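What follows is each chain in one-letter form.
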Amino acid sequence: MSDLENNVEETLPEDYRSGVVAVVGRPNVGKSTLINRTLRQKIAIVSPKPQTTQRRQLGIFTDERAQILFVDTPGLHAPQHKLGEYMVKTAESAFRDADVILLVLDASAMPERGDELIAGTVERLRAGTPVILALNKADLLTPQNYEPNIAAHEALIPHEEAFVLSAFTGEGVDELINALIEKLPQGPRYYPADELSDVNMRFIAAEVIREKIMLLTEKEIPYSVAVEIDSYKERSDDMTYISAVIYVERDSQKGIVIGKGGDMIKKVGSDARAELAKIVGTKIFLDLRVKVLKNWRSDEKLMQRLGYRIKDED
Ligand code: GDP
Ligand code: MG
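Fair warning: this is a prediction, and the values are worked out from it, not measured in the lab.

1. A few points about the overall build of the protein chain
Part 1 of the argument: A tally of regular secondary structure across the protein chain gives 10 helices and nine strands.
Part 2 of the argument: A burial count over the protein chain gives 50% of its 314 residues as buried.
Part 3 of the argument: A fraction of 73% describes how many contacts in the protein chain between residues 6 or more apart in sequence connect residues 24 or more apart.
Part 4 of the argument: For the protein chain, the exposed area adds up to about 15300 Å²; of that, 50% sits on carbon and sulfur atoms.

2. Looking at the environment of Ala-138
Part 1 of the argument: By secondary structure assignment, the location of Ala-138 is in the loop between β5 (131-136) and α5 (146-154).
Part 2 of the argument: Take Ala-138: its relative accessible area is 11%, and that puts it in the buried class.
Part 3 of the argument: Expressed as a C-alpha distance, the spacing of Ala-138 and Phe-163, which sit 25 residues apart in the sequence, is 9.8 Å.
Part 4 of the argument: What Ala-138 contacts, discounting residues up to four positions off in sequence, is Val-164, Leu-165, Ser-166 and Glu-171.

3. Remarks on the packing of aromatic side chains
Part 1 of the argument: With the rule as written, the count across this model stands at one aromatic pair.
Part 2 of the argument: Taking 5.5 Å as the distance between ring centres and 15 degrees as the angle between the ring planes, the aromatic pair formed by Tyr-241 and Phe-285 counts as stacked. You can see Tyr-241 sitting in strand β8 (residues 239-248) and its partner Phe-285 sitting in strand β9 (residues 283-292), a full 44 residues away along the chain.
Part 3 of the argument: Its relative accessible area of 16% is what places Tyr-241 among the buried residues.
Part 4 of the argument: A cation sits over an aromatic face here: Arg-235 above Tyr-241, 4.5 Å from the ring centre.

4. Re the confidence of the model for the protein chain
Part 1 of the argument: This prediction gives the protein chain a mean pLDDT of 84; 82% of its residues lie at or above 70.
Part 2 of the argument: Confidence over residues 1-8 falls short of pLDDT 50; this stretch has one contact with residues more than four positions distant or in other chains.
Part 3 of the argument: Of the regions scoring below 50 in pLDDT, residues 77-81 engages in eight contacts with residues more than four places distant in sequence or in other chains.

5. So, helix α7 (residues 201-216)
Each α-helix turn comprises 3.6 residues. Residues three or four places apart therefore point the same way.
Part 1 of the argument: A rise of 1.5 Å per residue sets the reference length of α7, with its 16 residues, at 22 Å; its end C-alpha atoms lie 23 Å apart and thus fit the reference within 8%.
Part 2 of the argument: Of all 16 residues in α7, 12 are buried; the element is thus mostly enclosed.
Part 3 of the argument: Among the residues of α7, Phe-203, Ile-204, Ala-205, Ala-206, Glu-207, Val-208, Ile-209, Arg-210, Glu-211, Lys-212, Ile-213 and Met-214 are the ones counted as buried.

6. Re the site of ligand 1
Part 1 of the argument: Near ligand 1 you find 17 residues, and of these Asn-28, Lys-31, Ser-32, Thr-33 and Asp-139 are the closest.
Part 2 of the argument: A distance of 3.3 Å separates an oxygen atom of ligand 1 from a polar backbone atom of Val-29.
Part 3 of the argument: In the complex, 88% of the free accessible area of ligand 1, which totals 580 Å², lies under the protein chains.
Part 4 of the argument: Sorting elements by how many residues they give to the shell around ligand 1 places helix α2 (residues 31-39) first, with three residues.
Part 5 of the argument: Its residues placed into classes, the shell around ligand 1 shows seven nonpolar, seven polar and three charged.

7. Some points on the side chain of His-153
Part 1 of the argument: Relative to the helices and strands, His-153 is located in helix α5.
Part 2 of the argument: Here His-153 falls in the buried class, since its relative accessible area comes to 0%.
Part 3 of the argument: At 2.9 Å, the side chain of His-153 forms a polar contact with the backbone oxygen of Asn-149.
Part 4 of the argument: Discounting chain neighbours no more than four positions away, the residues touching His-153 are Leu-105, Asp-106, Ala-107, Ala-109, Met-110, Pro-111, Leu-133 and Leu-135.

8. Digging into the packing of α7 against helix α9 (residues 263-280)
Part 1 of the argument: It is at 9 Å that the axes of α7 and α9 come closest, and there the two elements cross at 140 degrees. Comparing their axes, α9 and α7 come out oblique. Of the two possible hands of crossing, α7 and α9 adopt the one that is right-handed. Contact residues: α7 offers Met-201, Ile-204, Ala-205, Val-208, Ile-209, Glu-211, Lys-212, Ile-213 and Leu-216, while α9 offers Met-264, Lys-267, Val-268, Asp-271, Ala-272, Glu-275, Leu-276, Ile-279 and Val-280.
Part 2 of the argument: Here the contact of α7 with α9 is built from residues that sort into 13 nonpolar, no polar and five charged.

9. Structural notes on the environment of Ala-155
Part 1 of the argument: Within the secondary structure, Ala-155 sits in the loop between α5 and β6 (161-164).
Part 2 of the argument: Separated by 44 residues in sequence, Ala-155 and Pro-111 have C-alpha atoms that sit 9.8 Å apart.

Definitions and limits used
- Residues numbered from 1 in each chain as written.
- Chains lettered and ligands numbered in written order.
- Predicted model: local features only at pLDDT ≥ 70, side-chain atom pairs only at ≥ 80, totals over all residues.
- Heavy atoms only, no water.
- Helix = DSSP H or I, 4+ residues; strand = E, 2+ residues; numbered from the N terminus.
- Buried < 20%, exposed > 50% of the residue type's maximum accessible area, 1.4 Å probe, protein only.
- Contact = heavy atoms within 4.5 Å.
- Areas by Shrake-Rupley, 256 points an atom, 1.4 Å probe, with all protein chains shown as cover.
- Phe/Tyr/Trp six-rings, centres within 6.5 Å; stacked < 30°, edge-to-face > 60°.
- Lys NZ or Arg CZ within 6 Å of the ring centre and 35° of its normal.
- pLDDT = per-residue confidence, 0-100.
- Expected span 1.5 Å × (residues − 1).
- Near = heavy atom within 4 Å.
- Polar contact = N/O pair within 3.5 Å; in protein donor to acceptor, adjacent residues only side chain to side chain.
- Nonpolar A, V, L, I, M, F, W, Y, C, P; charged D, E, K, R; others polar.
- Axes fitted to C-alpha atoms, helices over the stretch in contact; angles between N-to-C directions.
- Parallel < 35°, antiparallel > 145°, perpendicular 65-115°, else oblique.
- Left-handed = near helix turned anticlockwise from the far one by under 90°.

Following this line, the structure appears as structure tokens:
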């Protein structure tokens, strides 16, 4: 290795910036997709079902100008059970810690009641923090609805800037990043340049498995599932062994997740294996089991065991 390569303590420009961007918005507007897009790699799971993202997770963007810590917050909505309450608390504490609030909106449709509620909550809790709008899903806008949709979303809340973009195609995303960087204070790199998230591979593996179940199942099943990795081993350079338990809340749900003749669990396994192989870069041996953990979503102790932190740590 040359001296240059050895010198990991890269000198940063004096005006280097860093800070936290809280990503908020109604479920399904594309928050996770947008974060994955800015990092050019998938760290957050995405599905067409609302409330796919349940926990607070950092997405770390680093370049030569700045480091942005994106906090992907679960959607704000009326709490229905303990898990819902947890999600709302997480989102509210994210506003308080943020340097910038990025409100993501689905510009392909007119604003909904949910957008108005969130805009109101942001307005109430922002305490002077700048708000930037990401008017997402621009790829779905037509010449007819472009102007009225954008205007209606911009009218939701006073904001510093608004960007029409598509997390899906990447259009407009660089402009957003530039604007976010401008709003951040001067500061250090909190994380190494190559770190994309504060969660480890075990967590990502559990989330990928959960995502596949959410995509393949219906009704209440997607929200009744928790995944716990009980073993994660790099067996060799090209083989990783992962064993996981899928928890459901009732016996009937267990039958559905396993499927006729094991069809569903096989499909979950092969989809998760293919995706994890891409992320990890080795072949994956995946062992999945399904267990019933009665009403885990209403039980704080069980939720803690499954890694949902209820306590609001500042
Ligand atoms: P979140 O709940 O806000 O995190 O939303 P997700 O990132 O999980 O996205 C919800 C759905 O919207 C997924 O099916 C995405 O593929 C889709 N989506 C996200 N961004 C875009 C976009 O810019 N254009 C289109 N057409 N679809 C998008
Ligand atoms: Mg999400």
